[in-house]
Amino acid sequence: MIYAIDSESIRAYRNLVMVYANDLWREKDPEKRVTLVTYLSDAVTTLARMEIEEAKKIKER
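Quick notes on the rules
- Going along each chain's sequence as written, the residues are numbered from 1 onward.
- Owing to the predicted nature of the model, reporting of local features is limited to residues with pLDDT of at least 70; listing and counting of side-chain atom pairs is limited to 80 or more, with chain, interface and lining totals taken over all residues.
- Each side-chain value is worked out from all heavy atoms of the structure, with water and hydrogens disregarded.
- Comment: elements are numbered from the N terminus, with helices defined as DSSP H or I runs of at least four residues and strands as E runs of at least two.
- Just to be clear, the radius of gyration here is over C-alpha atoms, and the globule rule we use is 2.2 Å times residues to the power 0.38.
- Buried residues are those whose accessible area, probed at 1.4 Å on protein chains only, stays under 20% of the maximum for their type, while exposed residues exceed 50% and partly exposed ones sit between those limits.
- We call two residues contacting when some pair of their heavy atoms lies within 4.5 Å.
- Here the open area of atoms and residues is found with the Shrake-Rupley method and a 1.4 Å probe, where only the protein chains shown may cover a residue.
- By the counting rule applied here, Lys and Arg register as positive and Asp and Glu as negative, while His and the ends of each chain are not counted.
- Charge positions come from single atoms, namely NZ of Lys, CZ of Arg, CG of Asp or CD of Glu.
- What is meant by a nonpolar core is a set of buried Ala, Val, Leu, Ile, Met, Phe, Trp, Tyr and Cys residues, joined one to another through side-chain atoms within 4.5 Å.

Chemist: Can you help me understand the overall build of the chain in this one?
Modeler: Helix and strand counts for the chain stand at two helices and zero strands. Scaling as 2.2 N^0.38, a compact globule of 61 residues should have a C-alpha radius of gyration of about 10 Å, whereas the chain reaches 14 Å, well beyond that. Projecting the C-alpha coordinates of the chain onto the three principal axes gives extents of approximately 45 × 30 × 15 Å. Expressed as a percentage of the 61 residues in the chain, the buried residues total 18%. In the chain, once contacts between residues fewer than 6 apart in sequence are set aside, the share between residues at least 24 apart is 46%. Accessible area for the chain stands at about 5,200 Å²; split by element, carbon and sulfur atoms hold 57% of it. When the 11 basic and 11 acidic side-chain charges of the chain are each reduced to a single mean position, those positions are 5 Å apart.

Have a look at this one:
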């Protein structure tokens, strides 16, 4: 059974993107929304790079 996931794993970044996106939808304060968008864009960029690397690994098999 998995109790914790590696904070640098693809699964962790998928979860982080989902959390930031949901928080962004609920946030009403424009300044907080800007901060959330910044965090979300960073997490999405990292996730995209990880997904590319994962796709390359699968393609090489």
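From this point, things continue past the structure.
Chemist: Sorry, what's going on with the nonpolar core here?
Modeler: Here is a general trend for soluble globular proteins: nonpolar side chains tend to be buried in one another's company. If you look at the biggest cluster of nonpolar residues, it comprises nine residues: Ile10, Tyr13, Val17, Tyr20, Leu24, Leu36, Leu40, Ala43 and Leu47. For this core, the leading source of residues is helix α1 (residues 10–26), giving five residues. Filtering out sequence-adjacent residues up to four positions away, Tyr20 remains in contact with Leu36, Tyr39, Leu40 and Ala43.

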